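What follows is the residue order along each chain.
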Amino acid sequence: MFRNKILVATLILVIAIILCICFLKKENEIKFVKIGSFDWLKPISSDNPPFGTLWWSITQAPESYISLASFSDLYKRATGLNITDTYEFDFDNYTYIVVAGYELQNISYNRWDIWGRFTAKYPWYHGKVVLLPEENKRAINIYRIERILITSDEHSRGSIMDDRRIVILD
């Protein structure tokens, strides 16, 4: 009798662990809206994208990889305009995704790939993107998503083609 109780308890624990892992590994798709684009100074390739990655997020979080000020400088160099004169950013409700040289087809995250789960005040998700080739190889596209702290994986920024979280379709 006691042996059966231990067996049932072990089975319940194993099932609970498997369900937790499935929940954490499930990809959560994010809806996005393209709000604009502009041309960069030269064609963009995966070998030399601006800021060392093909996509990044813009938020007002202090840990943001690319701040609005840095992106504003990039925008001003490329267009000669102030970004706040062209776009209105609502960081209380949205996060902005910037994609260099490609069109965003899909963006998702899972709760397993999180940075700062226990060490940061606001943890970040490492996003997964599916990109389509852009006809205009100089295009930098700006998208809006619901507010979430998401970024490309900074550990793979040295080698974009090795980043398993970026899928480029032909």
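Above this note sits the structure.
Residues numbered from 1 in each chain as written. Predicted model: local features only at pLDDT ≥ 70, side-chain atom pairs only at ≥ 80, totals over all residues. Heavy atoms only, no water.

I would appreciate a short explanation of the sheet that holds strand E6 (residues 114–115) in the present structure.
Note on sheets: strands pair through backbone hydrogen bonds, and any given pair is parallel or antiparallel. The sheet built from three strands is open, its strands ordered E6-E7-E10 with mixed pairing. In the strand order of this sheet, the two ends are held by E6 and strand E10 (150–151), each with one partner. Pairing geometry for strand E7 (residues 124–126) and E10, over two bridges, is parallel. Each residue of the ladder has a partner; that of Tyr 125, found in E10, is Ile 150. (Pairing = 2+ DSSP bridges. Helix = DSSP H or I, 4+ residues; strand = E, 2+ residues; numbered from the N terminus.)

What should I look at first to understand the sheet that holds strand E2 (residues 32–39) in this one?
Strand order in the open sheet made by the four strands is E2-E9-E4-E3, with antiparallel pairing throughout. Edge positions in the sheet fall to E2 and strand E3 (55–58), since each has one partner strand and no second. The average angle at which neighbouring strand axes cross in this sheet is 25°, direction not considered. Of the strand pairs in this sheet, E2 and strand E9 (residues 139–146) are connected by seven bridges, and their pairing is antiparallel. Within E9, the position partnered with Gly 36 by the bridge is Ile 142. Relative to E2, helix H2 (residues 68–79) is tilted by about 45°, and along the sheet it contacts E2, E3, strand E4 (94–100) and E9. (Axes fitted to C-alpha atoms, helices over the stretch in contact; angles between N-to-C directions. Contact = heavy atoms within 4.5 Å.)

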